[in-house]
Amino acid sequence: MIINPTYTGKQYWLTTIISGLLLGVLLSTAYMLFFDRLYVEYSYLFSILYFIPLVWLTVTLAFFKIKFVWDDFGYRQAFVMSLVTGLIGAVVFSIAIYFIYAYMKIWSRMDLYENGRQMRELFSPQVAALSMLAINIILTLIYSLIIAIFARKKD
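Residues numbered from 1 in each chain as written. Predicted model: local features only at pLDDT ≥ 70, side-chain atom pairs only at ≥ 80, totals over all residues. Heavy atoms only, no water.

## Concerning the nonpolar core
- Grouped together as the largest cluster of nonpolar side chains are 17 residues, with contacts concentrated most on Tyr-7, Tyr-12, Leu-61, Phe-64, Phe-73 and Ala-78.
- Of all the secondary-structure elements, those providing two or more residues to this core are α2 (52-68), α3 (75-103) and α6 (125-151).
- Ignoring sequence-local partners within four residues, the contact set of Tyr-12 consists of Tyr-7, Phe-64, Phe-73, Gln-77, Val-80 and Met-81.
- Counting 16 residues, the second largest nonpolar core, distinct from the first, contains Leu-49, Ile-97, Ile-100 and Ala-128. (Core = buried A, V, L, I, M, F, W, Y, C linked by side-chain atoms within 4.5 Å. Buried < 20%, exposed > 50% of the residue type's maximum accessible area, 1.4 Å probe, protein only. Helix = DSSP H or I, 4+ residues; strand = E, 2+ residues; numbered from the N terminus. Contact = heavy atoms within 4.5 Å.)

Below you can see the structure in the form of structure tokens.
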């Protein structure tokens, strides 16, 4: 007799929430590391931050499928899992960006450039956090649509 184990709702949502929180912490840590150690006025290294969610969502769905899914795993379940994971990560990352800009001494670097005052006005903590939230929500939606196509599993 072959028993096909399948996932429960608790496993699904616990994996989604924990993965989203870890994504937010990873993005925040990478951002602080890049900003503190590798900051230049025009750096393309910060574009790595936009690919971290893509890799993280892919790894999360692959882990979940290998660990818990032995039966059907449809497009909708894969899409919702990656979307909610990305949204939680985006919210945690935006909160971290707000605190980084509001309470850490990052403005000293911006004063080194001739447009330092203008950069300070354009990148207030609220604007920086909301812009990163909007960017990450849009990217999460696109990544979720693409990843869910490859993550579904039909018997």
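Still more ground to cover, so stick around.
## Observations concerning the environment of Tyr-12
- Structurally, the position occupied by Tyr-12 is in helix α1 (residues 9-37).
- Separated by 69 residues in sequence, Tyr-12 and Met-81 have C-alpha atoms that sit 7.7 Å apart.
- A distance of 3.1 Å separates a polar atom in the side chain of Tyr-12 from the backbone nitrogen of Met-81. (Polar contact = N/O pair within 3.5 Å; in protein donor to acceptor, adjacent residues only side chain to side chain.)

## Side note on a nonpolar patch on the surface
- The grouping of Tyr-75, Ile-138, Leu-141, Ile-142, Leu-145, Ile-146, Ile-149 and Phe-150 at the surface amounts to a nonpolar patch, some 760 Å² of accessible area in total.
- Mapped onto the elements, Phe-150 comes out in helix α6. (Patch = residues over 30% accessible without salt bridge, like charges linked within 9 Å, V, L, I, M, F, W, Y side chains within 5 Å. Areas by Shrake-Rupley, 256 points an atom, 1.4 Å probe, with all protein chains shown as cover. Salt bridge = Lys/Arg side-chain N within 4 Å of Asp/Glu carboxyl O.)

## What about the environment of Val-84?
- Along the polypeptide, Val-84 turns up in helix α3.
- Classification of Val-84 as partly exposed rests on a relative accessible area of 22%.
- On a C-alpha basis, the gap between Val-84 and Ser-144 in space is 9.2 Å, while along the polypeptide they are 60 residues apart.
- What Val-84 contacts, discounting residues up to four positions off in sequence, is Trp-13 and Thr-16.

## Let's talk about the packing of aromatic side chains
- What the rule picks out here adds up to seven aromatic pairs.
- For the ring pair Tyr-31 and Phe-93, a centre distance of 5.9 Å and an interplane angle of 75 degrees mean the geometry is edge-to-face. Of this pair, Tyr-31 sits in helix α1 while Phe-93 sits in helix α3, and the two are 62 residues apart along the sequence. As far as burial versus exposure is concerned, Tyr-31 and Phe-93 are alike and both buried.
- An angle of 10 degrees between the planes, with centres 6.3 Å apart, marks the rings of Tyr-75 and Phe-79 as stacked. Of the two residues, Tyr-75 and Phe-79 both sit in helix α3, four residues apart, roughly one turn of that helix.
- Under the relative-accessibility criterion, Tyr-75 is labelled partly exposed at 31%.
- A relative accessible area of 17% places Phe-79 in the buried class.
- Through pairs of rings, three or more aromatic residues link up here, namely Tyr-12, Trp-13 and Phe-64. (Phe/Tyr/Trp six-rings, centres within 6.5 Å; stacked < 30°, edge-to-face > 60°.)

## Things to note about the environment of Lys-65
- Counting through the fold element by element, Lys-65 comes out in helix α2.
- By relative accessible area, Lys-65 is classed as partly exposed at 21%.
- Measuring from C-alpha to C-alpha, the distance between Lys-65 and Tyr-7 comes to 9.0 Å, with 58 residues separating the pair along the chain.

## With respect to the side chain of Thr-60
- With respect to the helices, strands and loops of the structure, Thr-60 is situated in helix α2.
- In terms of polar contacts, Thr-60 uses its side chain to reach the backbone carbonyl oxygen of Trp-56, at 2.8 Å.
- Not counting chain neighbours up to four residues away, the residues in contact with Thr-60 comprise Thr-15 and Ser-19.

## Observations concerning α2
- Under the 1.5 Å per step criterion, the end-to-end length of α2 is 24 Å for 17 residues, consistent within 8% with the ideal 24 Å.
- Those residues of α2 that fall on the buried side of the exposure criterion are Ile-52, Pro-53, Leu-57, Thr-60, Leu-61, Phe-64 and Phe-68. Down the axis of α2, the smallest arc covering the buried residues is 155 degrees, so these residues share one side. Exposed side chains of α2 directed beyond 90 degrees from the buried face belong to Val-55, Val-59 and Ile-66.
- In the core, the buried residues of α2 are packed alongside α1, α3 and α6. (Expected span 1.5 Å × (residues − 1). Arc of directions from axis to C-beta.)

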